[in-house]
Amino acid sequence: MKPAVALVTGATRGAGKGIAVGLAAAGLTVYVTGRSTNQATATLKGEILPGTLEETVNTINERSGNENGGRAIAISCDHTDDAQTKAVIEQIESDQGRLDILVNNAALIHENLIDPGGFWEKPLELGNILDIGLRSAYVTSYYAARLMVKNQRGLITFTSSFGSVCYMHGPAYGAQKAGIDKFAADMAVDLENENVAAISLWLGPQLTERTDVVLKHQPEQYEGFMAMAETPEFNGRVIHALANDPQLMERSGQTLITAELALEYGIKDVDGRQPPSHREMLGEPRIPHPARVI
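The present account deals with the structure reproduced in this document. Position labels on residues start from 1 in each chain and follow its written sequence. Totals for whole chains, interfaces and linings use all residues, but because this is a predicted model, local features are given only for residues with pLDDT of at least 70 and pairs of side-chain atoms are given and counted only at 80 or more. To get the side-chain values, take all heavy atoms of the structure and skip hydrogens and water.

1. Looking at the overall build of the protein
- Comment: elements are numbered from the N terminus, with helices defined as DSSP H or I runs of at least four residues and strands as E runs of at least two. Within the protein, the secondary structure is distributed over 11 helices and nine strands.
- Looking at the protein residue by residue over its 294 residues, the buried ones come to 53%.
- Contacts between residues were defined by any pair of non-hydrogen atoms, one from each residue, lying within 4.5 Å. Counted over contacts in the protein with a minimum sequence separation of 6, partners at least 24 positions apart contribute 72%.
- For every accessible area listed, the method is Shrake-Rupley and the probe measures 1.4 Å; residues are considered covered only by the protein chains on display. Looking at the protein as shown, the accessible area adds up to about 13700 Å², and 51% of this sits on carbon and sulfur atoms. Working definition: with a 1.4 Å probe on protein chains only, accessible area under 20% of the residue-type maximum means buried, over 50% means exposed, and in between means partly exposed.

2. A word on the nonpolar core
- Among the nonpolar cores identified, the biggest contains 34 residues, and Val8, Leu23, Val30, Ile101 and Leu201 are the most heavily contacted of them.
- Setting aside its immediate chain neighbours within four residues, Leu23 contacts Ala6, Val8, Leu28, Val30, Ile101, Val103, Gly236, Ile239 and His240.
- We call a set of buried residues a nonpolar core when its members are Ala, Val, Leu, Ile, Met, Phe, Trp, Tyr or Cys and they connect through side-chain atoms within 4.5 Å of each other. In this structure, Ala144, Met148, Ala188 and Leu191 belong to the second largest nonpolar core, which totals 29 residues.

3. Here we look at the pattern of salt bridges
- Each salt bridge in this description consists of a side-chain nitrogen of Lys or Arg and a carboxyl oxygen of Asp or Glu lying within 4 Å of one another. Throughout the structure, instances matching the rule amount to 13 salt bridges.
- Among the ionic pairs, Arg279 bridges to Glu260, the shortest N-O distance being 2.8 Å. Here Arg279, found in helix 11 (residues 279-282), pairs with Glu260, found in helix 10 (residues 258-265); they are 19 residues apart in sequence, far enough to count as distant.
- With relative accessibility at 30%, the residue Arg279 sits in the partly exposed group.
- Between Arg273 and Asp269 there is a salt bridge; the shortest N-O distance is 3.6 Å.
- Here Arg273 falls in the partly exposed class, since its relative accessible area comes to 26%.
- What makes Asp269 buried here is its relative accessible area of 3%.

4. Quick word on the sheet that holds strand 5 (residues 71-76)
- The strand order 5-2-1-6-7-8-9 describes an open sheet built from seven strands, whose pairing is parallel. Lying at the two open borders of the sheet, with one neighbouring strand each, are strand 5 and strand 9 (255-257). Taking each pair of neighbouring strands and ignoring which way they run, the sheet shows an average axis angle of 25°.
- The rule for pairing is simple: two strands pair if DSSP sees at least two bridges between them. Inspection of the sheet shows strand 1 (residues 5-8) paired to strand 2 (residues 29-34) by four bridges, in the parallel sense. Across the sheet, the residue bridging to Val8 is Val32, located in strand 2. Lines fitted to C-alpha atoms define the axes, with helix axes restricted to the stretch in contact, and inter-axis angles between N-to-C directions lie between 0 and 180 degrees.

5. Section: the layout of surface pockets
- By volume, the second largest pocket is sized at about 740 Å³.
- In this analysis, the protein atoms alone were mapped onto a 1 Å grid. Cavities are point sets where a 1.4 Å probe fits without being able to get out; pockets are open sets with protein on both sides within 12 Å along at least five of seven lines; lining residues have an atom within 4 Å of a point. Lining the second largest pocket we find 29 residues, and of these Ala185, Gly253, Arg286, Ile287 and Pro288 sit closest to its centre.
- Looking at the lining of the second largest pocket, the elements that each hand over two or more residues are helix 5 (171-191), strand 9 and helix 10.
- If you tally residues by element for the lining of the second largest pocket, the top one is helix 5, at eight residues.
- Note on residue categories: nonpolar means Ala, Val, Leu, Ile, Met, Phe, Trp, Tyr, Cys or Pro, charged means Asp, Glu, Lys or Arg, and polar means any other residue, Gly included. When grouped by side-chain class, the residues that make up the lining of the second largest pocket number 14 nonpolar, six polar and nine charged. Grid points are joined across faces, edges and corners, and a volume is the space filled by probe spheres set on the points.

6. Some words on the pairing of strand 8 (residues 196-202)
- The element strand 8 is extensively covered by neighbouring structure, given that seven of its seven residues are classed as buried.
- Going residue by residue along strand 8, you find Val196, Ala198, Ser200 and Trp202 tucked away on one face and Ala197, Ile199 and Leu201 tucked away on the opposite face as well.
- When the strands point away from the viewer and the connection leading from the first strand across the helix to the second strand turns clockwise, the crossover is called right-handed. Read from strand 7 (residues 154-160) through helix 5 to strand 8, the crossover connection turns out right-handed.
- Here three bridges tie strand 8 to strand 9, and the two strands are oriented parallel to one another. Residue pairing across strands places Ser200 opposite Thr255, the latter belonging to strand 9.

7. Details of the packing of aromatic side chains
- Two rings from Phe, Tyr or Trp (for Trp, the six-membered ring) form a pair when their centres sit within 6.5 Å of each other. Planes less than 30 degrees apart are called stacked, planes more than 60 degrees apart edge-to-face, and all others tilted. Scanning the entire structure with this criterion turns up five aromatic pairs.
- With a centroid separation of 5.5 Å and 50° between ring planes, the pair formed by Tyr138 and Phe183 is classed as tilted. Of this pair, Tyr138 sits in helix 4 (residues 131-151) while Phe183 sits in helix 5, and the two are 45 residues apart along the sequence.
- Looking at Tyr138, the relative accessible area reads 44%, which means it is partly exposed.
- Residue Phe183 is classed as buried on the basis of its relative accessible area, which comes to 17%.
- Taken together, a centroid distance of 4.8 Å and an interplanar angle of 55° make the contact between Phe162 and Trp202 tilted. In this pair, Phe162 is assigned in the loop between strand 7 and helix 5 and Trp202 in strand 8, connecting sequence segments 40 residues apart. Across the pair, exposure class does not vary: Phe162 and Trp202 are buried alike.
- Grouped by ring-pair contacts, the aromatic residues Tyr138, Phe158 and Phe183 constitute a single cluster.

Given below as structure tokens:
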């Protein structure tokens, strides 16, 4: 039997890269998308953020020899272009005939996101997360759902955060997170008879290339919080366990906290820590009303 197949969007660095590594370590064939193929171009605080699709693929394939045989396949994709997104799903269908897990992670994180000041004082481009982050997740799910429904199997996930319900990094960031939580809730209604689940996942603070730079420039603001942070690979392992949960369809439509799922599934981070849930400090997921207006 062929290994399960996953697609992780926005996997050049950060959460997407780590999630892809975690899924591949479980033996999956993981497709990864992004715009930086072999040269990093994103910046933060005047520094180039490391990370390319080539590096993600190399990291995964170098590990595959001594783990469970997972592998990575890169597809260059600008998720502002619907045709490119559609082509990604078409390539996966042509190559594999299936897609078992979609991780919607691509998002445009502006370098001024965490600067002080009101939203009107920051660049208008911070609102672009509503294009690459919200709309792009809808488009990717749109094409992926067709393949999953055809095979009557699949899990569509969204990497969200507590910023969906509390103030975090301003209104554009919060609206994007709240929006993808709502995508999961409403897509689950449409998919309820197709054996395809849609779930939004609240990740805790992540140990990534971006947070390395932030901690260097603003240690007093984030150092204590980041001491409780998760590795992205931890979240990849949680997503794999969720996809194989016999009760998966009963969870469809929900927004779940990955740290809480990890406790349920007996998963610890790579260094043996048990990342905490921040529910009490930052809020809890909204529960959709059961009413349906068709």
